[in-house]
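Observations on the model geometry
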Amino acid sequence: MKYQHVCVESIVCTLPDEILTTAELEKRLAPVYRRLKLPEGRLELLTGIRERRLWPVGVLPGDQSVKTCEKLLGACAIDPKKIGALLHGSVCRDYLEPATACGVHRRLGLPNECTIFDISNACLGIATGMIQIANMIELGQIEAGIVVGTESSRSLTEATVRFLNEDTTLDRKGIKRAFASLTIGSGSAAVLLTHKNISRTGRKLVGGTVLSNTVLSDLCRSDTDQGGGDSMNPLMWTDSETLMVEGVGLAAIAFERFLETTGWTRDSIALFLTHQVGKAHQQLLFEKLGLSDEKHYSTLEFLGNTGSAAMPTAAALALEERRIPPGQRLAFLGIGSGINTLMLALE
């Protein structure tokens, strides 16, 4: 896919104040660690995650998405009346009905003519939303649109710890299926895309590529969808090793198509951002794609795996730290369960 008229006007993130260190998480897992004789420090050693963050108890994804959108609108000079689409793209949502985007739209006071819906695409939800809004802008349907998402890890983390400690039938092999759930962190990110005619930053969305292998869609699976609020006590089962190898293999194919579509080379990319799962995943990805880790902006160590918010959060922080000079090239290199890959090119 290629775009001629789309700009990524602004990217922002908001992060929780409460920090849960990996050391503290392992203390909570003391019963299963003692029973299976697991060494302390194992989780951080394997994942590279030092800490992750948690939203306050009772905060719904939509609550925080409103605050993130307010920060987004405050960071740019666009008239809110020009917002023609609002999409909510995180794994986490408030309820089964209505769309979380509806409540966010109401509290932001955006136009009634605004297109509103949720997007569910595992850890690629926000990036998928960027494509949807870019397509609408390119087609001349809207001038600007927002995609936002908030991931909340508290309920998954607590449910996983409780399950691992209470199910005494689990052996070392059995607990591996829940390992990925212990890497999850919380975060919120939003992206404003506009037509180039009203852009003040000129950050061009060049295009990108998507590729899937749904034969492997059962490698990561959450249990029943229980909705939001206090009733949400999910568990998630992941074949982490197979998902990593197969996901990176698919990404290697997609990346060659990405370079062909954009006309870019590996050397011409100033900074690339990935869906950040763990250090082993990152190392394998860099190796297979032929990229230098010096050009990668990592949030994994202090945020963990923040799902759909990972890539836009890294972009927002990199922009705040002026890690991306004007005129340089930025690549989103996303992999999500399903298996899906989605790669986007920004100048």
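The notes below deal with the structure included here. For clarity, every value in this text was computed on a predicted model and none was experimentally measured. (Residues numbered from 1 in each chain as written. Predicted model: local features only at pLDDT ≥ 70, side-chain atom pairs only at ≥ 80, totals over all residues. Heavy atoms only, no water.)

**Things to note about the overall build of the protein**
- Along the protein, the regular secondary structure elements total 12 helices and 13 strands.
- Radius of gyration (C-alpha) of the protein: 20 Å, near the 20 Å computed for a compact globule of 347 residues.
- Expressed as lengths along the three principal axes of its C-alpha atoms, the size of the protein is roughly 65 × 45 × 40 Å.
- Taking the intrachain contacts of the protein between residues at least 6 apart in sequence as the baseline, contacts between residues at least 24 apart amount to 79%.
- Element-wise, carbon and sulfur atoms account for 50% of the exposed surface of the protein, whose accessible area totals about 15,100 Å².
- A distance of 2 Å separates the average location of the 36 positive side-chain charges in the protein from that of its 39 negative side-chain charges. (Helix = DSSP H or I, 4+ residues; strand = E, 2+ residues; numbered from the N terminus. Rg over C-alpha atoms; globule rule 2.2 N^0.38 Å. Contact = heavy atoms within 4.5 Å. Areas by Shrake-Rupley, 256 points an atom, 1.4 Å probe, with all protein chains shown as cover. Lys, Arg positive; Asp, Glu negative; His and termini not counted. Charge placed at Lys NZ, Arg CZ, Asp CG, Glu CD.)

**Considerations on the sheet that holds strand 7 (residues 187–195)**
- Read from one edge to the other, the open sheet built from five strands follows the order 1-7-6-4-5, with strand pairing classed as mixed. In this open sheet, the two strands that pair with only one neighbour each are strand 1 (6–14) and strand 5 (115–118). The average angle at which neighbouring strand axes cross in this sheet is 15°, direction not considered.
- Pairing geometry for strand 1 and strand 7, over eight bridges, is antiparallel. The partner of serine 10 across the bridge, within strand 7, is leucine 192. (Pairing = 2+ DSSP bridges. Axes fitted to C-alpha atoms, helices over the stretch in contact; angles between N-to-C directions.)

**Concerning the side chain of arginine 52**
- Within the fold, arginine 52 resides in strand 3 (residues 51–54).
- At 2.9 Å, the side chain of arginine 52 forms a polar contact with the side chain of threonine 22. (Polar contact = N/O pair within 3.5 Å; in protein donor to acceptor, adjacent residues only side chain to side chain.)

**Overview of the nonpolar core**
- Grouped together as the largest cluster of nonpolar side chains are 39 residues, with contacts concentrated most on Leu193, Leu205 and Phe332.
- When residues of this core are traced back to their parent elements, those giving at least two are strand 1, strand 4 (83–88), helix 6 (125–138), strand 7, strand 11 (271–274), helix 12 (310–320), strand 12 (330–336) and strand 13 (340–346).
- Examining the composition of this core, we find that eight residues originate from one element, helix 6, more than from any other.
- Residues within four places of leucine 205 in sequence aside, it is in contact with Tyr3, Val6, Cys7, Val8, Ala134, Leu193, Leu344, Ala345 and Leu346.
- Listed in part, the 31 residues of the second largest apolar core include Ile184, Leu216, Leu219 and Cys220. (Core = buried A, V, L, I, M, F, W, Y, C linked by side-chain atoms within 4.5 Å. Buried < 20%, exposed > 50% of the residue type's maximum accessible area, 1.4 Å probe, protein only.)

**Brief notes about the sheet that holds strand 12**
- Judged by pairing direction, the sheet is mixed, and its four strands sit side by side in the order 8-13-12-11 without closing on themselves. This sheet does not close on itself; its edge strands, each paired only once, are strand 8 (205–212) and strand 11. Geometrically, the sheet is characterised by an average inter-axis angle of 10° between neighbouring strands, direction not taken into account.
- In the sheet, strand 12 pairs with strand 13 via seven bridges, with the strands oriented antiparallel. Counted as the bridge partner of leucine 330 is leucine 346 from strand 13.

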